[in-house]
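Breakdown of the fold
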Number of protein chains: 2
Amino acid sequence: MHTTGTADGREGPQSTAKDATWRVRRTGSDLDRLAETESIFALSNGWIGWRGTLDEGQPCGMPGTYLSGLHERRELTYPEDGYAFPQLSDTVISAPNAALIRLFVAGEPLDVTTGTLREHEQTLDLRAGVVERHTEWVSPAGHRVHVRSTRLVSLSRHPIAAVRYTVEAPDAPVELRVCSDLQANERVPNRSDDPRAASVIPDPLTAETHRRHGTGGALVHRTERSEQRVAVGVGHTVETPEADDWATETDLTDDRLRVTVVGTLEPGQRLTLTKFAAYEWAALDGTDAEEMAEHVSRAVEEARTEGFDALLADQRAALDVAWRTADVVVDGDEKLQQAIRFAVFHLLQAGRPDVDRTIPAKGLTGNGYDGHVLWDTEGYVLPVLTYLAPAMVRSALRWRHAHLPEARERAAELRLSGATFPWRTIGGRECSGYWPAGTAGMHVNADIADAVLRYAAATDDPDFLAGPGLELLVETARLWHGFGHFADDGTFHVTGITGPDEYAALVDDNLFTNLMVRRNLRGAADAVERHPEQAGRLGVRPDEVAGWRAAADAVHLPYDRKRGVHQQAAGFTEQPEWDFESTDEDDYPLLLNFPYLELYRKQVVKQADLVLAMQRFPGDFTAEEKARNFAYYEARTVRDSSLSASAQAVLAAEVGHLDLAYDYFAETVLQDLADLGDKTGDGLHLASLAGAWLTVVQGFGGMRDDQGVLSFDPRLPERIGRLVFSLRWHSHRLQVTLTSDGARYELPDAEPGTEIEIRHCGERLRITPTGPVTRPLPAVPDPGPEPTAPPTRRPTRR
Amino acid sequence: MHTTGTADGREGPQSTAKDATWRVRRTGSDLDRLAETESIFALSNGWIGWRGTLDEGQPCGMPGTYLSGLHERRELTYPEDGYAFPQLSDTVISAPNAALIRLFVAGEPLDVTTGTLREHEQTLDLRAGVVERHTEWVSPAGHRVHVRSTRLVSLSRHPIAAVRYTVEAPDAPVELRVCSDLQANERVPNRSDDPRAASVIPDPLTAETHRRHGTGGALVHRTERSEQRVAVGVGHTVETPEADDWATETDLTDDRLRVTVVGTLEPGQRLTLTKFAAYEWAALDGTDAEEMAEHVSRAVEEARTEGFDALLADQRAALDVAWRTADVVVDGDEKLQQAIRFAVFHLLQAGRPDVDRTIPAKGLTGNGYDGHVLWDTEGYVLPVLTYLAPAMVRSALRWRHAHLPEARERAAELRLSGATFPWRTIGGRECSGYWPAGTAGMHVNADIADAVLRYAAATDDPDFLAGPGLELLVETARLWHGFGHFADDGTFHVTGITGPDEYAALVDDNLFTNLMVRRNLRGAADAVERHPEQAGRLGVRPDEVAGWRAAADAVHLPYDRKRGVHQQAAGFTEQPEWDFESTDEDDYPLLLNFPYLELYRKQVVKQADLVLAMQRFPGDFTAEEKARNFAYYEARTVRDSSLSASAQAVLAAEVGHLDLAYDYFAETVLQDLADLGDKTGDGLHLASLAGAWLTVVQGFGGMRDDQGVLSFDPRLPERIGRLVFSLRWHSHRLQVTLTSDGARYELPDAEPGTEIEIRHCGERLRITPTGPVTRPLPAVPDPGPEPTAPPTRRPTRR
């Protein structure tokens, strides 16, 4: 029953009102926030990322053509250096930009900031997977043109991106010159002094070779320090009204391939230029520049032969399949309905199912955080993709596994056991320049293990689990067993590290980390017992496994008996309180206005930490503990990180504060569409977008997955009339529909005989393809008054 | 009874054997460690510092001509910047070098690395306060010359330094050219990658004006960022055999003034060039380059008129006075006898009694630590100078007071109360580029208050105490009262800071800091009550003072009941132990081989911290606690800091491990003379030299001053036959002599009627000029077996 359609089967894509929720649109009035627009309209397939720049390249917020893993390394300098401080940092660089198409109208360049802009819009079509652009422009000399373009980055063919560009001159004949460029070393402005923004390396690419062939050609460059080679090919199809009157020429230099089309367009005529690009990169070692040029040229020609319409059709087909699982219906607020689809779209296009690549914190949508991969990936993005596109999770975890050698080296350098994965990286080595909030964030190792275990529980992939998965679990377990210690009373402690909350550092027994460590140790022990032969090849000894279990069983969980709350870390609740009354609204984010000296030693929380622990480990806290903990930390959490709102939403929903949960949901899902943190221009906050899905599914759907079984304890806010989402569970699509009438669980696509077991409010349910199972929604616990957030920090009421 | 002589009155300076203990000598065989030699032979008067370079400037370890406070500022860049991270750092720069005298022998430059070096020696005469040099050299062409020089930096006239330079040619007539230079922007090599070494700013001085007059002239330069102006004048006296045959010329450029003397020297003749230099610097603002040139020129002419012999006589007279109090006699080991005199000499010449300048960690002997002032000054150096040269202490504390505005600004920037003094600085602003071991070292504020209180107790200086002293106490007390907090149980805590031990950071309730805070708060409260009117002008309210006392009374002192030891900081004794068995000898210093991540979270101590607390606050620990604490921390202290040995020596002596104390004494007193840390080339470790004196006086003399009264509980190691030292106490010189027969206390210089009260082993003694008071030495407690140090870390047995 493989129908094309969305999870919301009852309404077709024709519905105009609903259509708006499948599109994101910006017009001429948005041209003052170009960088933000470029991030929102970024197209990616997990290999290539094209920011949503204007075809003509100018004006521009920040150009960006990214290839997953392509980077250069730059020196880090410290006022006071220290042992094992990273001396080089990976920095994302732009590959040659093939998206550029410049138009000259009777000699004047099309520029939306000159002449008269009659109409201008860009639209991201979430089902078609394209960005469309329409501009009606009158040049300073008075020539009117319509320009339309359609851009795509092919989800089905990873090296391919393409753009179709048409021009019409409705009023009078006009001489046009269209320059289609492939431009290397495009100038990237340094946008800000904010430490969270990117560093820009000027002219990072060194030309190696270039070639011309047919309607285009190829450029091959290399990087100096990271020793990578990048090849980009382009080819064109030009449809001119009368071919003989139009001239085409190709101009080629080290850093630019330009195809120019010149002629005169009559009213009623249309010039269409279609450009196909192919991108590859690889390590210098073992590749050849000429071969890579040949390779991308062939890929371009294949795509050009099939044509743009075929790419469009493939794109929509791929998304139709993806949306069947991924769509989320939130009836009740069209803006949030649009926003959750936007969020899921960007998650889907960030990963790749077929190449071992991971997903940086900004995906391939911008150069924020220098293009680094952080724990956002395993902590937020993979927990979503596990249920929407598990092959992407396997790719990302295989990428981690491929970098085990660097992680083992790092552990040895730090004089630790096992493997220590980097806090931030592109190429696999630690790139954090501030170790208390970098290397000390050791939980990233347990986050990776957690992602392995979740993927293992939700899929059937024995090869991965007995291979890379096992090795990741074993090496991280070895790290923790050596890093932690047993106290005199026999309890196991992990000290001197930094948890998720970055307004605390170098703490002891961060509860989130300790619970993650316990899961890591037990998960590794279980995996070793399941795959004894493979474990033997990794040198795992039985006493080693026994040691992991002993440590896991003894993990200390700090609790303040007097206050009746868990401690984010040992002693947290005894620290001085933050003086919120004297903190002004414009003192936020606090890290820009207070020293770490003050932030670290006081009870002020940047982002959910203990609350995140309750989301991840729901079975380790009673309902009463959750309510007390939530209220306590809510009063001290300032949400200066976009990672926070989703965890707060999930726990607010669980303890029964559904209005608050809904407001947090709005904040996390609108993070980028409304540019709430004023940082969207640097790239999208994928973890926040992932958090939006987690809020829907874990917060409102009440889904939990910490016991190896899917369970649901729904909490439907009044503002949502109907909520529909799906999860992939061992290759089946479980669809969940929540209304005030109840919860409906079904397997709409499954073969007869399929059966999966879930839990609804503790009750065991068997779901089969024979029909949906429905249950009433549980009574929401009366949570009492809403917990107080610090002044000015409650999310906006929606 | 102002006799010229030393504390050791019974032996005259003629004694040859003893003479060796008043001199430090290096010969040609030491030329492979030039930088170290230059530090050891550095001459200073607290205003000017001349490193002990060869007259000819080459070969050279590291040239250095320092003026107290003269510096440039350089940018600090961080891989990940943070709020209130210092963006500029002060860096010591060289003033124009007036010590250079280059000799050309028949056209060939005197260079000890060419030709034949028949004889070469440099000698520091600790009583004369000069460095003498004698070199017998045969040029590659075969001309033999004797070169002698005597250098001094005048203790009695702060702008003046001088050098007398003579040449003889014993064998045959030889043509000589002597170039006497005043050289600005001398090239300084970057010596090392070690983070503890200095940064070098190339060409830091910009020429403003220069002038020629008489036998010399003056150069005036300015710095760009620190906005300082420096003027240096030189003048010469040339004594040639037959004046007519010799030509003298002066050559002047922006950066160099060169006086050249040319002629032919016959056997039996002698050429003597005497050079006088005067140094001044001041803020650009409010000074005038021409006036400063005139000023230094006049100072040079005055000195030149009086002549070099007068400077020599003044120098010896000043030192005669100083040594009367400062000399320490350690009978039993000539090497240590010499070393303690060397140590005291460098302390005496580091400070100034008459100009408000402080003493950097390296004094004016090198550019280590960028020439910064650290807590070494108030923590180690001033506690010695309080008893040897209290006027220097007043100057240093008035310098701190002069920088109260910057300290108040820093407190405001850090969002704290009162004043926050910099961890490291030259010009008064925080220059630390690694805040967990910089700004977080908040105890520096209490160290300053402690130095004020010690100075107050030992002297009679009501103007200082009611003025700058009071303000320093009040502003630091305000800092602590706002920074600390009361826990629910009413105890007062200081959290999130770093104590003396730099292998721990961001700890809670560092015991040393907490005790220092208590002293600071009480000392401020007492001072306010003693000077109510002046306190009123500082806006001190009665409830504020009550708050200080309440906090002081409630200060928490962490103690581990189970182990029966105090905790260096909360939880310290529960941290994992360091794996000393797996730590190799060449893993030390650990900071170069282990990450802070590991060092901070384990029980490994870089330098005395809890042990330093026991030295400073002997009354807060019982004898049993001291013994247990000492043994516990001894086993975990690796002494990777030169600040450590002296505190360990003092406590080892107190608890009765006299051999161990003696070995620590040898280590601290030989730190630089034996270049134990391989860092002496960057400048002398003044705190270690101060620690040597503290070891003698507090360790062997058993002196304690924490109760406002001098008390003694002597511990004389067997290896020391006789120990003599003096202390200034309210303008009187108390001389203490220890032999196995007993302790003798006397006031050898006092007017009749003088009386001071001291304690000997708890017994109250009145000392008057009528005669010494003698008491038997106390029985040394039986301390049991010597505590075990970590493997390879016990000090060398002497």
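What you see as residue numbers is a count from 1 along each chain, following the sequence as written. The order in which chains are written sets their letters, starting at A; the order in which ligands are written sets their numbers, starting at 1. Since the coordinates come from a predicted model, pLDDT governs what is reported: local features require at least 70, and pairs of side-chain atoms require 80 or more to be given and counted, while whole-chain, interface and lining totals use all residues.

Within an unreviewed UniProt entry, the label attached to chain A reads Alpha,alpha-trehalose phosphorylase, and the organism entered is Micromonospora yangpuensis. UniProt positions are given in the numbering used here, feature names are shortened, and annotations may be inferred rather than shown by experiment. Comment text from UniProt for chain A, heading Sequence similarities (unreviewed entry), reads "Belongs to the glycosyl hydrolase 65 family."

Turning to the overall build of chain A, a few remarks are in order. Along chain A, the regular secondary structure elements total 19 helices and 31 strands. For the radius of gyration, the atoms used are the C-alpha atoms, and the globule rule reads 2.2 Å times the number of residues raised to 0.38. Computed over C-alpha atoms, the radius of gyration of chain A comes to 27 Å, within 12% of the 28 Å expected from 2.2 N^0.38 for 798 residues, which places it in the range of a compact globule. Taking the principal axes of its C-alpha atoms as reference, chain A extends roughly 90 × 60 × 60 Å. With C-beta atoms placed from the backbone, a residue counts as buried when 20 or more other C-beta atoms lie within 10 Å of its own, as exposed when 12 or fewer do, and as partly exposed for counts between those limits. Counting every position in chain A, which comprises 798 residues, the buried fraction comes to 58%. What counts as a helix is a DSSP run of H or I of at least four residues, what counts as a strand is a run of E of at least two, and both are numbered from the N terminus.

This part is about the confidence of the model for chain A. All names here are of chain A. For every residue, the predictor states its confidence as a pLDDT score lying anywhere from 0 to 100. With 96% of its residues at a pLDDT of 70 or more, chain A has an overall mean of 95. Below a pLDDT of 50 lies the segment residues 1-15, which in the model reaches 18 contacts outside its immediate sequence neighbourhood of four places, other chains included. For this predicted complex, the interface confidence reaches an ipTM of 0.94, while the overall pTM sits at 0.95. Contact definition: two residues whose C-beta atoms, as placed from backbone geometry, lie within 7 Å.

Taken as rigid bodies, chain B and chain A are interconverted by a rotation of 180° and an axial shift of 0.0 Å, the fit giving an RMSD of 0.0 Å. In the structure described here, the two chain copies are related by an operation that fits a two-fold rotation axis. Judged by C-alpha distance, Tyr78(B) is the residue of chain B that lies nearest the rotation axis, at 2.8 Å. Most of the interface of chain B is mirrored in chain A, where 100% of its interface residues are also at the interface. When the copies are superposed, the least-squares fit draws on C-alpha atoms of residues that have pLDDT of at least 70 in both.

A separate point is the interface of chain B and chain A. Contacts between the two partners involve 37 residues from chain B, matched on the other side by 37 residues from chain A. When the residues that make up the side of chain B that touches chain A are grouped by side-chain class, the tally is 21 nonpolar, 10 polar and 6 charged. Gly is placed with the polar residues, together with every amino acid not listed as nonpolar (Ala, Val, Leu, Ile, Met, Phe, Trp, Tyr, Cys and Pro) or charged (Asp, Glu, Lys and Arg).

Let us now look at the pairing of strand E6 (residues 88-92) of chain B. All names here are of chain B. Among the 5 residues of E6, 4 are classified as buried, and the element is accordingly described as predominantly covered. Relative to E6, strand E5 (residues 71-75) runs antiparallel, the two sharing 5 bridges. The residue bridging Glu75 from the neighbouring strand is Leu88, located in E6. Think of it this way: DSSP has to see at least two bridges between two strands before they count as a pair.

The biggest cluster of nonpolar side chains holds 472 residues, and the ones touching the most others in it are Val232(A), Leu347(A), Val232(B) and Leu347(B). Leaving out residues up to four positions away in the same chain, Leu347(B) has contacts with Val381(B), Val384(B), Leu385(B), Leu686(B), Leu689(B) and Ala690(B). Joining buried Ala, Val, Leu, Ile, Met, Phe, Trp, Tyr and Cys residues through C-beta atoms within 7 Å gives a set, and that set is a nonpolar core.

In the numbering used here, UniProt assigns the "domain: Glycoside hydrolase family 65 C-terminal" (unreviewed entry) feature to residues 703-766 of chain A. The span residues 703-766 of chain A is 0% helical and 52% strand by assignment, and the distance between its end C-alpha atoms comes to 16 Å.

Moving on to the sheet that holds strand E26 (residues 722-729) of chain A. In any sheet, the strands associate via hydrogen bonds between backbone groups, in a parallel or an antiparallel arrangement. All names here are of chain A. Here we have 5 strands laid out as an open sheet, ordered E20-E26-E27-E28-E31, and antiparallel in their pairing. Lying at the two open borders of the sheet, with one neighbouring strand each, are strand E20 (329-331) and strand E31 (773-775). Between one strand axis and the next, the sheet turns through 15° on average, direction left out of account. As defined by bridge partners, strand E28 (residues 742-746) adjoins E31 across 3 bridges and the pair is classed as antiparallel. When the bridges of E31 are listed, Tyr745 appears paired with Val773. Lines are fitted to the C-alpha atoms to define the axes, a helix being fitted only along its stretch in contact, and any angle between axes, read from their N-to-C directions, falls within 0 to 180 degrees. Sheet strands touched by helix H19 (residues 686-700): E20, E26 and strand E27 (732-739). Its angle to E26, the strand with the most contacts, is close to 95°.

Further remarks concern the domain arrangement of chain A. Residues and elements named next belong to chain A. Bear in mind that the domain bounds are from an automatic or database domain assignment. Annotation of chain A at the domain level lists domain 1 (24-323) and domain 2 (326-712). The gap between the C-alpha centroids of domain 1 and domain 2 is 35 Å. Taken together, the contact pairs 38 residues of domain 1 with 43 residues of domain 2.

Residues and elements named next belong to chain A. Per the UniProt record, the feature "binding site: substrate" (unreviewed entry) sits at Trp375, Asp376, Lys606 and Gln607. Within the secondary structure, Trp375 sits in the loop between helix H5 (334-350) and helix H6 (376-388). Owing to 22 C-beta atoms within 10 Å, Trp375 belongs among the buried residues under this scheme. Assignment of secondary structure puts Gln607 in the loop between helix H14 (596-601) and helix H15 (610-616). Excluding its chain neighbours within four sequence positions, the residues that come into contact with Gln607 are Pro500, Asp501, Glu502, Arg639, Ser641, Leu643 and Ser644.

Residues and elements named next belong to chain B. Following both chains from N to C, one finds helix H9 (residues 443-458) and helix H11 (residues 511-530) inclined at 50°, their axes separated by 9 Å at the closest point. Considering their axes alone, H9 and H11 lie oblique with respect to each other. Our pair here, H9 against H11, has a crossing hand that is left-handed. Listed contacts from H11 to His443, Ala446, Asp447, Ala449, Asp450 and Leu453 of H9 are Phe512, Thr513, Met516, Val517, Arg519, Asn520 and Gly523. Grouping the amino acids of the contact of H9 with H11 by side-chain chemistry returns 6 nonpolar, 4 polar and 3 charged. Small angles under 35 degrees read as roughly parallel and large ones over 145 as roughly antiparallel, with 65 to 115 read as roughly perpendicular and the rest as oblique. The crossing is said to be left-handed when, going from far helix to near helix, the turn is anticlockwise and less than a right angle, and right-handed when the turn is clockwise.

This brings us to the sheet that holds strand E17 (residues 247-252) of chain A. The strand order across the open sheet formed by 5 strands is E8-E7-E13-E18-E17 (chain A), and the pairing between neighbours is antiparallel. The strands lining the two open edges of the sheet, one partner per strand, are strand E8 (108-109) and E17 of chain A.

Turning to the packing of H6(A) against H19(A), a few remarks are in order. Residue and element names in this part refer to chain A. Two elements in contact, H6 and H19, have axes separated by 8 Å at closest approach and are oriented at 40°. By the angle between their axes, H6 is oblique relative to H19. Crossing hand, H6 versus H19: left-handed. For the pair H6 and H19, contact is made by Asp376, Gly379, Tyr380, Val381, Pro383 and Val384 and by Leu686, Ala687, Ala690, Gly691, Trp693 and Leu694, respectively. Here the contact of H6 with H19 is composed, by residue class, of 9 nonpolar, 2 polar and 1 charged.

It is worth spelling out helix H13 (residues 542-554) of chain A at this point. One less than the number of residues in a helix, times 1.5 Å, gives the span that helix is expected to have. In this model H13(A) runs 19 Å from its N-terminal to its C-terminal C-alpha over 13 residues, within 8% of the 18 Å that 1.5 Å per residue would give. Summarising the contacts, the buried residues of H13(A) are in contact with helix H10 (462-483), strand E22 (492-493) and helix H11 (511-530) of chain A.

Residues and elements named next belong to chain B. Note the cis peptide between Gln58 and Pro59, where omega equals -10°. Residue placement: Pro59 occurs in the loop between strand E3 (48-50) and strand E4 (65-67). With omega at -5°, the peptide bond leading from Tyr588 into Pro589 counts as cis. Checked against the element boundaries, Pro589 lands in the loop between strand E24 (565-566) and helix H14 (596-600). The backbone of Asp678 shows a phi angle near 60°, a positive value even though the residue is not glycine. Take Asp678: it is sitting in the loop between helix H18 (658-669) and helix H19 (686-700). On the basis of neighbour counts, which here come to 10 C-beta atoms within 10 Å, the residue Asp678 falls in the exposed class.

Looking now at the pairing of strand E26 (residues 722-729) of chain B. In regular strands, side chains alternate between the two faces of the sheet. All names here are of chain B. The buried fraction of E26 is high, at 6 of 8 residues. Both strand E20 (residues 329-331) and E26 contribute to a ladder of 3 bridges, which runs antiparallel. Bridge pairing links Val330 to Leu723 in E26. Pairing of E26 with strand E27 (residues 732-739) involves 8 bridges; the strand directions are antiparallel.

All names here are of chain A. Along the chain, Phe345 falls in helix H5. Residue Phe345 is classed as buried on the basis of its C-beta count, with 23 C-beta atoms lying within 10 Å. Between the alpha carbons of Phe345 and Leu219 there is a distance of 31 Å; along the sequence they are 126 residues apart.

Residue and element names in this part refer to chain B. Compared with an ideal rise of 1.5 Å per residue, which puts 12 residues at 16 Å, helix H16 (residues 623-634) spans 16 Å between its outermost C-alpha atoms and is within 8% of the ideal. Of the positions making up H16, those classed as buried are Lys626, Ala627, Asn629, Phe630, Tyr632, Tyr633 and Glu634. Elements that come into contact with the buried residues of H16 comprise E24, helix H15 (610-616) and helix H17 (644-655).

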